[in-house]
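# Notes for the structure review
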Amino acid sequence: MYFGVPSLSPKLATVTRNWKCLVYMFLLFLSLFDSASGACPSACICASDIVSCTNKNLSTVPKSIIKFIKKLDLSYNKIGFLDADWFPVLFDKLQTLILNHNTINSISTGSFSTLPNVRHLDLSSNHLRTLSNPIFQELKMLEVLLLYNNHITHIDSSAFGGLHNLQKLYLSSNSLTHFPADIYTGRNKLTELILLDISHNNLQTLPVQQISLISARQLSGIYLHENPFLCDCSLNVMLMFWYHRHFSPVVDFKNDFSCVMYNSKSDTKLQLIQESFLNCSEGAVNGSIHAYGLLYEAQVGERLVVHCDSRIIDLSTEFIWVSPDGRTLEPYTTTENYRVFHNGSLEIENAQIEHSGLYSCTAMNKKKPFNETIDIRIMVSNFTTTKSQAHEAFNTAFTTLAACVVSIVLVLLYLYLTPCRCWCKSKKHQRKQNASSAHSSILSGTPSDEPPSERKSSTNKRVVFLEPVKQADHGQNGKVRLIPSDNLTAESILKTSRSKSDSDSVSSVFSDAPFIASV
């Protein structure tokens, strides 16, 4: 006897093949899903939309990172450079990228093309030396950029081009020797920047004149402490000006400003750290100091008051202002829209575009060994004109709308609240016609089923019963009036067949009750 493996029935074999196909398709779907959405790499820790791959000795970015993450931490690794292929694929949901404490020494153009929505980028504590070309231009949504604790010595004027939403830029603890004024006044200026930390660098001088063109909103967020500045009176006046304006970078770090001054008898440098910043009484040239104040902005038609913030102001201080066209403005004298107060403030009553320019305020005090001149720039824009035009357009549209509403209300009042005229008369006339037709239909003869011989009476006359027809309006005492019959004839009321003889005269008698009309 032969004992073999029993063969499967055709039906069972078909079911088995179908199940195998389903399993293969499911595995294929999982593999496609896994490759499309990514998975948590073995060297990382994942928590919903956060992936942390810190301190894992990584030199490249893991390829299987979940695409929908919003924060990625790659700090404390060995990533050396960023080029166009350093990040695997497009990550359009990533908002925070942390790359601090790596070995990044260069960044190529297009390195962030796959990260368009990053808002927070941390490149601190790396080996960057220069920032050239618009290397961050793909980061249109970037708001915070951390570049502190690198070795940056040079920043190109277009390095931050395209960062229109950048609000905070940290450049402290680098090796910069020049203040990056282009980020405020250049072609690629950062209009939304409210914080620039350039402390702990190698700055010795500052472009005070260029800094004076920066708006007060941005100026109040520039941190300059812990730089080896040369002792300069204009710098001193600028810092004192910021201090009197209660700018946090100067008030909070007032003990961290220093200056280096050459000794006239030797070439040695003496570093002076003073609580009151710098002492310029000895360094003043010809007994005068020239400094730059704030930039004031106004709109057309506004009242603008500009203060002469000199540090030698007291009761014996006298002030003189010089306008952009060279006119001298003194206290207690009013010239057109200008007026100078006793405390040195300048008032422009009705600011116009022609009032824009550079104004000079000179403070003179006999008790002080020098005078102080501060240049203040005023910019008057015509935004008010545009605003007034828009306001006038709004008033015109509102007036037109109000006129339309009033017109509609008047039409409705005319239709529903005025006495009934034409259309009421037409309705009454129509009612009268309907009543007349009804009356005629009542008065018309109705054929009888009786033979013609029996329908004739002995006097050869016909009898018609007339019902009174009610009208819409009533007479006195509630009695119902009949329709007037002045224009009615017997032929329109009664239809009779002509007899052989001439027709008799017909007389109709109407009464208040049902009546008989004989012919």
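Each remark here, short or long, concerns the structure printed above.
A short tour of the structure in this document, coming up. Everything numeric in this text was worked out from a predicted model, so none of it was measured. (Residues numbered from 1 in each chain as written. Predicted model: local features only at pLDDT ≥ 70, side-chain atom pairs only at ≥ 80, totals over all residues. Heavy atoms only, no water.)

## Structural notes on the overall build of the protein chain
Our working rule: In this description a helix means any DSSP run of H or I spanning at least four residues, a strand means any run of E spanning at least two, and both kinds are numbered starting from the N terminus. Exposure is judged per residue with a 1.4 Å probe applied to protein chains only, and the accessible area is read against the type maximum: over 50% gives exposed, under 20% gives buried, and values in between give partly exposed. The contact criterion used is simple: two residues touch if any of their non-hydrogen atoms lie within 4.5 Å. Surface accessibility in these figures is a Shrake-Rupley result with a 1.4 Å probe; residues are shielded only by whichever protein chains are displayed.
Summing up its helical and strand segments, the protein chain has ten helices and 27 strands in all. The buried share among the 519 residues of the protein chain stands at 34%. When contacts within the protein chain are restricted to residue pairs at least 6 apart in sequence, those whose partners lie at least 24 apart make up 63%. Surface exposure of the protein chain reaches about 32100 Å², of which carbon and sulfur atoms provide 55%.

## Brief notes about unusual backbone geometry
Leaving glycine aside, a negative phi is the common case for residues, and trans is the common case for peptide bonds. In the Ramachandran plot, Tyr76 falls in the positive-phi region, its phi being about 55 degrees despite a non-glycine side chain. A positive phi angle, close to 60 degrees, is found at Ser173, a residue other than glycine. When you line up the elements, Ser173 lands in the loop between strand S11 (168-170) and helix H2 (182-185). On the basis of relative accessibility, which here comes to 32%, the residue Ser173 falls in the partly exposed class.

## Section: the state of the cysteines
Quick note on the threshold: In plain terms, two cysteine sulfur atoms within 2.5 Å form what is called a disulfide here.
With the rule as written, the count across this model stands at four disulfides. Two residues share a disulfide in this structure: Cys44 and Cys53, whose sulfurs sit 1.9 Å from each other. Handedness of the Cys44-Cys53 disulfide follows from its S-S torsion of about 105 degrees: it is right-handed. A relative accessible area of 9% means that Cys44 is categorised as buried. Here Cys308 is linked by a disulfide to Cys361, with a sulfur-sulfur distance of 1.8 Å. An S-S torsion of about -100 degrees defines the bridge between Cys308 and Cys361 as left-handed. Of this pair, Cys308 sits in the loop between strand S18 (304-306) and strand S19 (318-322) while Cys361 sits in strand S24 (residues 357-364), and the two are 53 residues apart along the sequence.

## Some thoughts on the nonpolar core
To keep things clear, this is the line we draw: What we call a nonpolar core is a set of buried Ala, Val, Leu, Ile, Met, Phe, Trp, Tyr and Cys residues that are connected through their side-chain atoms within 4.5 Å.
Phe136 and Phe160 are the most contacted members of the largest nonpolar core, which has 91 residues in total. By residue number, the principal contributor to this core is helix H5 (residues 233-244), which donates five residues. Once residues within four sequence positions are removed from consideration, Phe136 is found in contact with Ile107, Phe112, Leu121, Leu123, Leu145, Ala159, Phe160, Gly161 and Leu163.

## Looking at the pairing of S19
Let me state the cut-off plainly: In this analysis, strands are considered paired if DSSP registers two or more bridges between them.
Only one face of S19 is buried, namely the one carrying Phe319 and Trp321, since none of Glu318, Ile320 and Val322 on the opposite face is buried. The sheet contact formed by S19 and S24 spans five bridges and is antiparallel. For Glu318, the partnering residue across the bridge sits in S24 and is Met364. In the sheet, S19 pairs with strand S20 (residues 328-329) via two bridges, with the strands oriented antiparallel. Looking at the pairing, Val322 lines up with Thr328 of S20.

## Looking at the packing of aromatic side chains
Pairs of aromatic rings are described using the distance from one ring centre to the other and the angle between the two planes. Here is the rule: Aromatic contacts are taken between Phe, Tyr and Trp rings whose centres are within 6.5 Å, Trp giving its six-membered ring; a plane angle under 30 degrees counts as stacked, one over 60 as edge-to-face, and the others as tilted.
Taken as a whole, this structure holds eight aromatic pairs when the rule is applied. Ring centres of Phe87 and Phe91 lie 5.1 Å apart, and the angle between their planes is 90 degrees; this geometry places the pair in the edge-to-face category. Phe87 gets classed as buried once you look at its relative accessible area, which sits at 2%. Here the aromatic residues Trp86, Phe87 and Phe91 are joined through ring pairs into a cluster of three or more.

## Thoughts on the pairing of S24
Along any regular strand, the residues point their side chains to alternate faces of the sheet. Where S24 meets strand S25 (residues 371-381), seven bridges bridge the pair, whose relative direction is antiparallel. Looking across to S25, one finds that Thr362 is bridged to Thr373.

## Observations concerning the side chain of Ser199
Relative to the helices and strands, Ser199 resides in the loop between strand S12 (195-197) and helix H3 (208-211). Look at Ser199 and you get buried, because its relative accessible area is 2%. Those residues in contact with Ser199, other than ones at most four positions away along the chain, are Ser172, Ser173, Tyr223, Leu224, His225 and Asn227.

## A word on the sheet that holds strand S13 (residues 222-223)
Across the sheet, which stays open at both edges, the nine strands sit in the order S1-S2-S3-S5-S7-S9-S11-S12-S13 with mixed pairing between neighbours. Of all strands in the sheet, those with a lone pairing partner are strand S1 (45-47) and S13, marking the two edges. As defined by bridge partners, strand S3 (residues 71-73) adjoins strand S5 (residues 96-98) across three bridges and the pair is classed as parallel. Bridge assignment links Leu72 to a residue of S5, and that residue is Leu97.

## What to know about the sheet that holds S18
Across the sheet, which stays open at both edges, the four strands sit in the order S18-S23-S22-S21 with antiparallel pairing between neighbours. Only two strands of the sheet have a single partner each, and these edge strands are S18 and strand S21 (334-335). Pairing of strand S22 (residues 338-340) with strand S23 (residues 346-348), which is carried by three bridges, proceeds in the antiparallel orientation. Bridge pairing in S23 places Tyr338 opposite Ile348.

## Thoughts on the environment of Leu94
Here Leu94 shows up in the loop between strand S4 (81-82) and S5. Here Leu94 falls in the buried class, since its relative accessible area comes to 0%. The sequence separation of Leu94 and Phe68 amounts to 26 residues, and the corresponding C-alpha distance is 7.3 Å. Beyond its immediate sequence surroundings of up to four residues, Leu94 is in contact with Ile69, Lys70, Lys71, Leu72, Phe87, Leu115, Asn117 and Val118.

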